[in-house]
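Tertiary structure, described
Residue-level listing of the chains:
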Amino acid sequence: MSEKKEIGLVVLVNLLVMLVLVGMTSIRPPAIDWLPILLFLLLTIFSMSFSIVLADGLASLLPLISIVMYMVLGLSTTGWVVYIAALVHGVVRWRFGDFLLLRRQPTHTRLISLTLWNAVSSAVCILTAGLVFEGVVYSLDELNGTVAYLFGLLLMVLVYFTLNHLFNAAFFYLFIPSSTRTYLSQLPILLLYEAVPVFFVPFVTIIYQELGWSYFLFFACILITFSLITHNLDRTRQQLVRRLQQLQSLQAVGQTLNSSLDLDVIMLKIYEQVRRLMPADTFYIALYDRDTDLVSFPVFFREGNQMDWPTRTLQRGLTEYVLKTKRPLLIRRHFDRTLQELDIEQIGIPVTCWLGAPIIIRDDVLGVISVQSLTKPDVFDESDQEVLVTIASQAALAIQNAGSFAAINRSLSQRVQELDSIFRTTQDGILLLSHSWQIVAVNRAFWRLVGWQPGEFGEQTILQCSLDGESLAERLGFTAVSLTTDCEYLQEQGEGAQIKTQIAMPQGNYLDRTLTPVFNRNQQVNGWLLVLHDVTEEVALAQLREEMMHMMVHDLRAPLSILLGSLELGREQVQQGYGDQILNLLDMAEKNGERMLHLINELLDIYKLENGKVPLRRETVSVGVLFSDVRRQFDLMLTELNLDLSVTIAKNLPVLLVDYDYMSRVLYNLLDNAVKFTPDNGRIHLWARLDETTELAAVLLGVSDTGAGITAETKAQLFHKFKRGTVEGRRKGSGLGLAFCRLVAEAHGGQIWVESDGIPGQGSTFVLRLPLLSESVPMVGNW
């Protein structure tokens, strides 16, 4: 309904009620006693003003006072008093509504309509209820007077409250339809507050009629006190409810602001939350750039529509005032006069009510949040200012975080560009896989090295994507089992672990394939990095070196064999009568020749073992026989060096199925190393026992000494060809013995390793692990 129709309807109804009051006064002229009339008028105005707010309306002691007034002053006088009191209350509400915490009406027209409607409602309710009471008492005149009075009073109360709330419901339905449901939901509480005191009507009437004015004034003071107490309690309740709503809204604002690091999204969310908390025809966020001395307006809304507001230099506007003072500013009314008093320039269209709060963090002003009402004064108050200041504080932290995130994002983008440049230009192939082996990123060098054309494989894993029937995993030398095993091993080893393998590609090149786990910030594996490095030239050089060595060995072996044969023939001739000196020389030549032949044979055996060309002639051999045969070769040397060699063999140790010749040479090399690096008077321990650390049956053979020990750096390369320890022994080795031991152990399906802390005197322990095989294994076979 339009404001004109609304005010017209209310004025028409008021005219009708005034005609009724005039008619009743002329028909039934009352006896005028101004003292009680003024007393009841003041009491009625007071009860209306100091009421409690419920369901978009007011609940007061007006029903009690109206009915008591009717009993004391009569019907027409009571009608005039409540009518005039309602009009006076409208004026009080207009002037002192904020102080009394009465709900502010959106327009003066609505306040006038509400005041006139309350006057009509109050007068009609008491006039109709009074007529009903008189009718009932007159009709039941033949009954007991008390019974008729009480019955009439009961009907009077029912009629009064029925009409009162029908008028209220009609007002909401006609003028504020959105509040009708709320009013009806609060109706039981309204009735409870207003109806219970009505039971004191007979008591108050008796006080006035029997005890006189002094006691009635005392009771009036009680009513005033009760109104004040309930009004203050309701004021406290309203403040608590409003504060709770604000806290809930502010919590929602905080959660909303913390849910994003995008500055544009954050500022739009600030607008949405402020709009829920307070009405605003205009809303804007101004950001101040200290470096450029400019004020920008990234968010500007007017009447719900987003607008572009130009950036400007600092001027003398309201925004600049808040930036300069670092304090909130509230202009409730008299906008132009306030601007003049504060020496502020009017920028933009004029408004009626203005509220702004600075966005401050650690005394640094980032900007201003402002809400404005274009036409209505007193739209915002101090509580709105407090809420906006709190929102501005939350916004300051969110804006700062968003700015920091943007700076970090720019830095990360630059870093990503640098890494992407390296990723694209490096000659090594790089393949980044997800935890489930799906391709995440790959560079062109990778496709060049594996001999594939770049392609799109979507969500496929390297086991699934294929070319010409061959999967990418197979091209890289993986099977499903080996890939799973390698990844499980790397995951167990943790950060820094990697598996490096050399693979031959179909196109003839050789690659070093390195698989490394990728960890997230929680130290959990969330991907795999596979790097391919072309080692074709290195492999070619290594092969050339192997071929040259093989050729050199073969070229040396024949003349050395002849030399040894000649020396043997010379020995026989000397034994037939030549001198002792020649015999000693021949002994020396024979030993050196045998040593050279041993070295050459070891080189040949290493070459054959590396290429898998040596058949193993397995036979059953007891550990005791192996140890005894090897030890016998060192008896003289151990005696000369005063070394103590002890042998320990566990009981019930099964026989071994090994190549006796190769295994004897392995033990010889290990024992020779121990003798070489153990000082005089040292101890060497040769031992054997079952391996109880694994489920598979195996035997451990070990050689322990009390030498200088081996460092961790040396241990990593000790079993490679031509690698020697850093500690000087009694004589220099060839760097082939331990490499030979490793190859023989692997040919038997076993392993060899060294255990040492690198502490002098604690020495080292070389351990050879051999699996136990049944005699059904072929006695001769390739590995």
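Each remark here, short or long, concerns the structure printed above.
Throughout what follows, the structure given in this document is the object of discussion. (Residues numbered from 1 in each chain as written. Predicted model: local features only at pLDDT ≥ 70, side-chain atom pairs only at ≥ 80, totals over all residues. Heavy atoms only, no water.)

1. Let's talk about the packing of helix H1 (residues 3-27) against helix H5 (residues 108-139)
At a minimum axis separation of 9 Å, H1 and H5 run at an interaxial angle of 30°. The pairing of H1 with H5 is recorded here as roughly parallel in orientation. Once H1 is placed against H5, the crossing between them reads as left-handed. In this structure, H1 contributes Glu3, Glu6, Ile7, Val10, Val11, Val13, Asn14, Val17, Val20, Leu21 and Met24 to the contact, and H5 contributes Thr109, Arg110, Ile112, Ser113, Leu116, Trp117, Ala119, Val120, Ala123, Val124 and Leu127. (Axes fitted to C-alpha atoms, helices over the stretch in contact; angles between N-to-C directions. Helix = DSSP H or I, 4+ residues; strand = E, 2+ residues; numbered from the N terminus. Parallel < 35°, antiparallel > 145°, perpendicular 65-115°, else oblique. Left-handed = near helix turned anticlockwise from the far one by under 90°. Contact = heavy atoms within 4.5 Å.)

2. Brief notes about unusual backbone geometry
Notably, Asp343 is not glycine yet its phi reads approximately 55°, a positive angle. Within the fold, Asp343 resides in the loop between helix H13 (335-342) and strand S8 (353-361). Look at Asp343 and you get exposed, because its relative accessible area is 53%. We note that Trp437 has phi near 75°; this positive angle belongs to a residue other than glycine. By secondary structure assignment, the location of Trp437 is in the loop between strand S10 (429-434) and strand S11 (439-442). (Buried < 20%, exposed > 50% of the residue type's maximum accessible area, 1.4 Å probe, protein only.)

3. Points about the side chain of Ser373
Position of Ser373 among the secondary structure elements: in strand S9 (residues 364-373). According to the relative accessible area criterion, Ser373 is buried, its value standing at 4%. Beyond its immediate sequence surroundings of up to four residues, Ser373 is in contact with Asp281, Val351, Thr352, Cys353, Val379 and Phe380.

4. Digging into the sheet that holds strand S20 (residues 683-690)
Strand order in the open sheet formed by five strands is S18-S20-S21-S23-S22, with mixed pairing between adjacent strands. Sheet topology places strand S18 (644-649) and strand S22 (751-755) at the edges, where each strand pairs with a single neighbour. Along the sheet, successive strands turn relative to each other by an average axial angle of 15°, direction set aside. Bridge count between S22 and strand S23 (residues 765-771): five bridges; the pairing is antiparallel. Looking at the pairing, Val754 lines up with Phe766 of S23. The sheet strands contacting helix H20 (residues 623-632) are S18, S20 and strand S21 (698-705), and the helix crosses S18 at an angle near 170°. (Pairing = 2+ DSSP bridges.)

5. Side note on the pairing of strand S4 (residues 294-302)
Here strand S3 (residues 282-289) runs beside S4; their pairing, made up of seven bridges, is antiparallel. Residue pairing for S4: Phe283 is matched across the bridge by Phe301. The hairpin formed by S3 and S4 contains four residues between the paired strands, and Asp293 there has a positive phi angle of roughly 60°. Examined bridge by bridge, S4 and strand S6 (residues 309-313) share three bridges and lie antiparallel to one another. Bridge pairing in S6 links Val295 to Arg312. If you look at the hairpin formed by S4 and strand S5 (residues 305-306), you'll find two residues sitting between the two strands, and Glu303 has a positive phi there, around 55°.

6. Focus: the packing of aromatic side chains
Per the counting criterion, the structure on display carries 14 aromatic pairs. Measuring from centroid to centroid gives 5.1 Å for Tyr271 and Phe283, while their planes differ by 50°, and the two rings are tilted. In this pair, Tyr271 sits in helix H11 (residues 263-277) while Phe283 sits in strand S3, placing the two residues 12 residues apart along the sequence. By relative accessible area, Tyr271 is classed as buried at 9%. Taking relative accessible area as the criterion, Phe283 reaches 2% and is therefore assigned buried. When the ring centre of Phe478 is taken as origin, the NZ or CZ atom of Arg513, which lies over that ring, is 3.7 Å away. (Phe/Tyr/Trp six-rings, centres within 6.5 Å; stacked < 30°, edge-to-face > 60°. Lys NZ or Arg CZ within 6 Å of the ring centre and 35° of its normal.)

7. So, the side chain of Thr678
Mapped onto the fold, Thr678 is located in the loop between helix H22 (660-677) and S20. Looking at Thr678, its side chain comes within polar contact range of the main-chain oxygen of Ala674, at 2.5 Å. (Polar contact = N/O pair within 3.5 Å; in protein donor to acceptor, adjacent residues only side chain to side chain.)

8. Let's talk about the sheet that holds strand S15 (residues 510-519)
The strand order across the open sheet built from five strands is S11-S10-S16-S15-S14, with neighbouring strands paired in antiparallel fashion. What marks the edges here is a single partner per strand, and that holds for S11 and strand S14 (499-504). Direction aside, the axes of adjacent strands within the sheet are offset by 20° on average. As defined by bridge partners, S14 adjoins S15 across six bridges and the pair is classed as antiparallel. Looking at S15, one finds that Ile503 is bridged to Leu511. Contacts from helix H17 (residues 480-493) reach S14, S15 and strand S16 (525-534) within the one sheet, and its direction differs from that of S15 by about 50°.

9. Comments concerning a nonpolar patch on the surface
Together, Leu192, Val196, Phe199, Phe200 and Phe203 make up an exposed nonpolar region whose accessible area comes to about 570 Å². With respect to the helices, strands and loops of the structure, Phe200 is situated in the loop between helix H8 (187-195) and helix H9 (201-211). Relative accessible area serves as the criterion here: at 43%, Phe200 is assigned to the partly exposed category. (Patch = residues over 30% accessible without salt bridge, like charges linked within 9 Å, V, L, I, M, F, W, Y side chains within 5 Å. Areas by Shrake-Rupley, 256 points an atom, 1.4 Å probe, with all protein chains shown as cover. Salt bridge = Lys/Arg side-chain N within 4 Å of Asp/Glu carboxyl O.)

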